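# Topology and contacts: notes
Single-letter residue listing:
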Amino acid sequence: MSGSPYPLGLRLAGRRVVVVGGGAVATRRVPALLDAGADVLLVAPELTPALRAHVDAGRLRWEPRRFVLDDLDGAWLVQVAVDDRVAAAAVSAAAAERRIFCVRADDRDAATAWTPAVTRHGPVTVAVLGGGDPRRAMSVRDAVRELLAARAGEPASVEAAAGAAPGRPSEPAPGGPDAGAAPVGRVALVGAGPGDPELITVRGWRLLTEAEVVVADRLVPGLLLDELRPDVELVDASKIPYGPSRAQEEINRILVDRARAGKVVVRLKGGDPYVFGRGGEELLACAEAGVPVTVVPGVTSAISVPATAGVPVTHRAVAHEFTVVSGHVAPDSPASLVRWESLAGLRGTVVILMGLKNLAAISATLVAHGRPAGTPAAVIQEGTTTAQRAIRSTLGTVAADVEAAGLRPPAIVVIGDVVGALDA
């Protein structure tokens, strides 16, 4: 295809976009389409757990089969995200016959549209095309992002923000004792924050730009994956509650194996790696294997999500303490490590993560041990994202109110007088 590409911003809200393929490329591209408000039709025999989560949440429609011509009916754009060149060519040929622009992950020269390197800074979106060279586009994109951050008063680099990264391995001196040894990469455990892609730390974002392998959880902001270099290996380590999961041991093995192969690996985790994130287990596994690890804290949803719903976890003369607990194990389970009867006796705020499934049992247990049924409660679903929903209730009725409202995970439960502390 000759000629320079014509830059254009597509307004896709409510318009059909067809994505063919359910693997790593689709996992990276779909979040940006959803963020644009597109009506996404995903066609693939199988999906990654992260894409399945979008389907289960009702954000897109999935046809569990191979592509057929009728899938293009009403489409404005097609994204081909398969590595089968024959199948990709058939989809793009069908799109060309119908004059529908088509992005191809397997062959950009055969595509009629390219996906640019993108960075977002508040209301500003910068898209860079590198003349067919993705690395050039990424380099320019990153320079623009740093300039925007600097003008907004944010540190322009990791070094400016936090100094040299602790745990980052130094380069061996030429001829030194490590000369000729097999290359050893490194692992960074990066907290991605509660859901808004702009809430990742500067340091975390910089490590993502350096990554050669990214092992991502389901709850990481999808738009961060859209900004990865095209040659980055994306491993979907999603842990969908009560659904498909990859064993923690397998995740540990992937981190160690890729680092031992000399790769720069980022383990991208929702929230903070050490707040119910099993980051400690991953650090121990890497340390045992002799792999250097950097830990980059993240903004935890336990505090940030209530804040977005107008609920401070502490407030002068209202609450002098707050307790964060996991609710994924029922109070009466022998596996529970939480002393719910002690929590019931506290006067401060209780923040429950992963507790929707057991909310009825949790609330009943707290009431049974002395926490008043009229204690204010709030539940916030998908906080800090465009899909955020919240309800206000009381401890005695919150489980029923959540069911009536149709709230689903991920959600944060807040119990305490702080729920109404900022009400006018």
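Just so you know, the residues in each chain are numbered from 1, in the order the chain's sequence is written. Note on the predicted model: pLDDT of at least 70 is required for a residue's local features to be given, and 80 or more for side-chain atom pairs to be given and counted; whole-chain, interface and lining totals, by contrast, use all residues. Note that water and hydrogens are dropped before the side-chain values are worked out from all heavy atoms of the structure.

From N to C terminus, the chain includes 13 helices and 17 strands. We get accessible surface area from the Shrake-Rupley algorithm with a probe of 1.4 Å; when it comes to residues, only the shown protein chains can shield them. Entry remark: accessible area of the chain is about 20,500 Å², with carbon and sulfur atoms responsible for 55%. Each helix is a run of H or I in the DSSP string that is no shorter than four residues. Each strand is a run of E no shorter than two, and both are numbered from the N terminus.

Moving on, we get to the confidence of the model for the chain. Mean pLDDT for the chain: 89, with 90% of residues reaching 70 or above. Confidence scores here are pLDDT values: one per residue, from the predictor, ranging 0 to 100. Only heavy atoms enter the contact rule, under which two residues are in contact if any of them lie within 4.5 Å. Taken together, the stretch residues 155-180 has pLDDT below 50 and engages in 33 contacts with residues farther than four places along the chain or on a different chain.

In this section: the pattern of salt bridges. Here, a salt bridge means any Lys or Arg side-chain nitrogen found within 4 Å of an Asp or Glu carboxyl oxygen. Taken as a whole and assessed by the stated rule, the structure comprises 26 salt bridges. A cluster of three or more residues bridged by salt bridges with shared partners is formed by Arg-29, Arg-120, Arg-145, Asp-226 and Glu-227.

All right, on to unusual backbone geometry then. The omega angle of the peptide bond from Pro-409 to Pro-410 is 0°, so this bond is cis rather than trans. Tracing the sequence through the fold places Pro-410 in the loop between helix 13 (398-405) and strand 17 (411-415). The phi angle at Arg-278 is positive, at roughly 60°, despite the residue not being glycine. Take Arg-278: it is sitting in the loop between strand 11 (264-269) and helix 9 (279-288). Each residue's exposure class comes from its accessible area (1.4 Å probe, protein chains only) as a fraction of the maximum for that residue type: buried when under 20%, exposed when over 50%, partly exposed otherwise. On the basis of relative accessibility, which here comes to 39%, the residue Arg-278 falls in the partly exposed class. Of note in the backbone geometry, Glu-382 takes a positive phi value of approximately 50° without being a glycine. Take Glu-382: it is sitting in the loop between strand 15 (376-381) and strand 16 (389-394). A relative accessible area of 10% places Glu-382 in the buried class.

To continue, consider helix 2 (residues 49-56). Among all positions in helix 2, only Ala-50, Leu-51, Ala-53, His-54 and Val-55 are buried. Against helix 1 (24-35), strand 2 (39-43), strand 3 (61-63) and strand 10 (233-236) lie the buried residues of helix 2. Two residues or fewer past helix 2, Gly-58 is found with a positive phi of approximately 80°.

A surface patch of nonpolar side chains, about 420 Å² in accessible area, is lined by Tyr-6, Leu-8 and Leu-10. Tracing the sequence through the fold places Leu-10 in the segment before strand 1 (16-20). For patches, a residue must show more than 30% relative accessible area and have no salt bridge; joins then use 9 Å for like charges and 5 Å for nonpolar side chains, namely Val, Leu, Ile, Met, Phe, Trp and Tyr.

This part is about the packing of aromatic side chains. Only the six-membered ring of Trp is used, alongside the rings of Phe and Tyr, when aromatic pairs are assigned; centres must lie within 6.5 Å, and planes under 30 degrees apart are stacked while those over 60 apart are edge-to-face, with the rest tilted. Overall, the coordinates contain 0 aromatic pairs when judged by the stated rule. Only Lys NZ and Arg CZ are tested; either one counts as a charge over a ring when it is within 6 Å of the ring centre and within 35 degrees of the ring normal. We note Arg-108 situated over the ring of Trp-114; from NZ or CZ to the ring centre the distance is 4.2 Å.

Now for the sheet that holds strand 13 (residues 322-326). The pairing criterion is simple: DSSP has to find at least two bridges between the two strands. A sheet is described by the order of its strands in space; here 5 strands give the open sequence 13-14-17-15-16, paired in mixed fashion. Only two strands of the sheet have a single neighbouring strand rather than two, namely strand 13 and strand 16. Pairs of neighbouring strands in the sheet enclose a mean axial angle of 20°, with direction left out of account. Every axis corresponds to a line fitted to the C-alpha atoms, with the helix fit spanning only the stretch in contact, and the corresponding angles, defined between N-to-C directions, vary from 0 to 180 degrees. Packed onto the sheet, helix 10 (residues 301-308) meets strand 13, strand 14 (349-353), strand 15 and strand 17 and runs at close to 80° relative to strand 17.

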